[in-house]
Amino acid sequence: MAKEVKSVEYGLEKIFEGAQDFLPLMGTDYVEFYVGNAKQAAHFYKTAFGFQSHAYAGLETGVRDRVSYVLKQDKIRLVLTTALVEDSPIGEHVKKHGDGVKVVALWVEDARKSYEETTKRGARSYMEPTVETDEFGEVVRAGIYTYGETVHMFVERKNYKGEFLPGFKKWESDYNPASIGLKYIDHMVGNVGWNEMNTWVKWYEDVMGFVNFLSFDDKQITTEYSSLMSKVMSNGNGRIKFPINEPAKGKKRSQIEEYLDFYNGPGVQHVAIATDDIIKTVTEMKARGIEFLSAPPQDYYDQIPVRLGTHMDMMKEDIKELQKLAIMIDADEEGYLLQIFTKPVEDRPTLFFEIIQRMGARGFGAGNFKALFESIEREQEKRGTL
Ligand code: FE2
């Protein structure tokens, strides 16, 4: 596994030894969901997640085959897209997978070079470098497939001053629920099929120049009933982190298997979004109707002082308050983190969100995995999919 060489996160400098420099990434540009009804999905993300109206493309802007709503909150941009015609790859995607993430777009300095470097290393092309222009300048985009039908789009916007992309108009709305303090995408997790995790780890290493900086095997991520394996991939500056999960054999059905069955193949399992004040964010989300996984048992919270050790001194939050909201706590050598997971946000038990507040810790809540998966199993049990 890669050795970390410098403890600076979210800087542009390289922090992971072994990461390759051929694909410099400046951050997540946008995440595009293909959904059955973008208008209603946009309302949901505005109301419940506090996203703001940002940009729009559809019939009114001259687009005939699809409609896209772009939502923004701090550094996060979500795009919600629905087909307007019968014969459409968007409609096909929704039919096969249900609502889900189609594009994880990455902000780059040079989209043509990003495309060239990754395709020559074996990436399958989704879209050749394409220049789009309007009165605000030009954007170059190019895309490659990753796991399943999911795509990484490289977005070069250094010569663009518009709201989002050429073809989109600013979206003004009279309905603007307040932000709930979501800041940026911390990581996005992919579920892949049986025995495919290492294939995709190698793909991210070879094609994208990423490094594997954390690994969890099925002995670490296991409950009495089910298990999975996970490896975390990061680009050189640590801004882009993609954990990859695969199911592992247990007494009952792994949550990853359940996802693969309902999504009909590999795809994005969860999007983790950072906040500076998880208590405020989660309180707001609950008030706005978002359902979260249930809290771990009392014993879990009783053990927090032991698990946090010296980090207890720096902990500002009240454990009772965290427990009341079902927020989980984990620690590593450098600090602690607070996290919570929503139930799936669409009808199929597929995509969900994580809300995370990092207080120095850079892990992914390994100490919470058991409690988390037991909570997911309780949901699977209700669905008859355990
Ligand atoms: Fe996560």
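For clarity, every value in this text was computed on a predicted model and none was experimentally measured.

About the criteria used
Residues numbered from 1 in each chain as written. Predicted model: local features only at pLDDT ≥ 70, side-chain atom pairs only at ≥ 80, totals over all residues. Heavy atoms only, no water. Pairing = 2+ DSSP bridges. Helix = DSSP H or I, 4+ residues; strand = E, 2+ residues; numbered from the N terminus. Axes fitted to C-alpha atoms, helices over the stretch in contact; angles between N-to-C directions. Contact = heavy atoms within 4.5 Å. Domains from an automatic or database assignment. Buried area = accessible area lost by both parts, 1.4 Å probe. Salt bridge = Lys/Arg side-chain N within 4 Å of Asp/Glu carboxyl O. Polar contact = N/O pair within 3.5 Å; in protein donor to acceptor, adjacent residues only side chain to side chain. Buried < 20%, exposed > 50% of the residue type's maximum accessible area, 1.4 Å probe, protein only. Donors = N, O, S within 2.8 Å, 3.2 Å for Na, K, Ca; no water.

S.K.: Explain the sheet that holds strand E16 (residues 335–341) to me, and be specific about the residues and the numbers.
M.R.: Strands sit in the order E11-E12-E13-E10-E14-E17-E16-E15 across an open sheet of 8 strands; the sheet is mixed. In this open sheet, the two strands that pair with only one neighbour each are strand E11 (211–216) and strand E15 (328–332). Taking each pair of neighbouring strands and ignoring which way they run, the sheet shows an average axis angle of 25 degrees. Pairing geometry for E11 and strand E12 (residues 227–234), over 5 bridges, is antiparallel. Its bridge partner lying in E12, phenylalanine 216 is registered against serine 230. Lying over the sheet, helix H5 (residues 255–263) contacts strand E10 (182–191), E12, strand E13 (241–248) and strand E14 (267–275), oriented at roughly 115 degrees with respect to E14.

S.K.: Before we move on, could you go through the domain arrangement of the protein chain and cite the residues and values that matter?
M.R.: Partitioning the protein chain into structural domains gives domain 1 (27–170) and domain 2 (181–383). The straight-line distance from the C-alpha centre of domain 1 to that of domain 2 is 25 Å. In this complex, domain 1 contributes 40 residues to the contact, which on the side of domain 2 involves 35 residues. Between domain 1 and domain 2, a total of about 3000 Å² is buried, with carbon and sulfur atoms accounting for 67% of that surface. If you sort the residues of domain 1 by the area they bury against domain 2, Phe49, His97 and Tyr147 come out on top, with a joint share of 23%. At the junction of domain 1 and domain 2, the tally comes to 1 salt bridge. Across the salt bridge formed by lysine 183 and aspartate 74, the nearest N and O atoms sit 3.7 Å from each other. At the junction of domain 1 with domain 2, the criterion picks out 11 residue pairs in polar contact (both at pLDDT 80 or more).

S.K.: Go over the pairing of E15, please, and point to the residues and values.
M.R.: Among the 5 residues in E15, 4 count as buried, and that is most of the element. Sheet topology places E15 next to E16; 5 bridges connect them, and they run antiparallel. Bridging across to E16, methionine 328 finds its partner in glutamine 339. Counting the residues in the hairpin turn of E15 and E16 gives 2 residues.

S.K.: Can you tell me about the coordination of the iron ion, naming the residues and giving the values?
M.R.: Around the iron ion, the protein supplies His187 (NE2), His270 (NE2) and Glu354 (OE) as donor atoms, at distances of 2.0 to 2.2 Å. For glutamate 354, a relative accessible area of 2% gives the class buried.

S.K.: Would you mind going over the sheet that holds strand E5 (residues 100–107) in detail, with residue names and values included?
M.R.: With mixed pairing, the 9 strands of this open sheet are ordered in space as E6-E7-E8-E5-E1-E4-E3-E2-E9. Strand pairing shows two members of the sheet lacking a second neighbour, strand E6 (124–134) and strand E9 (169–170), which therefore form its edges. Of the strand pairs in this sheet, strand E2 (residues 52–57) and E9 are connected by 2 bridges, and their pairing is antiparallel. Bridge pairing in E9 links alanine 55 to lysine 170. The sheet strands contacting helix H1 (residues 38–49) are strand E1 (27–34), E2, strand E3 (66–73) and strand E4 (76–83), and the helix crosses E3 at an angle near 10 degrees.

S.K.: An account of the pattern of salt bridges is needed here, citing residue identities and associated values.
M.R.: One pass over the structure, following the stated rule, counts 20 salt bridges. In this structure, glutamate 379 and lysine 382 form a salt bridge, with 3.1 Å as the shortest nitrogen-oxygen distance. Here the residue glutamate 379 and the residue lysine 382 both occupy positions in helix H10 (residues 369–383), the gap between them amounting to 3 residues, near one helical turn. According to the relative accessible area criterion, glutamate 379 is buried, its value standing at 10%. The class of lysine 382 is exposed, set by a relative accessible area of 64%. Through salt bridges that share partners, Lys113, Glu117, Lys120 and Arg121 make up one connected network.

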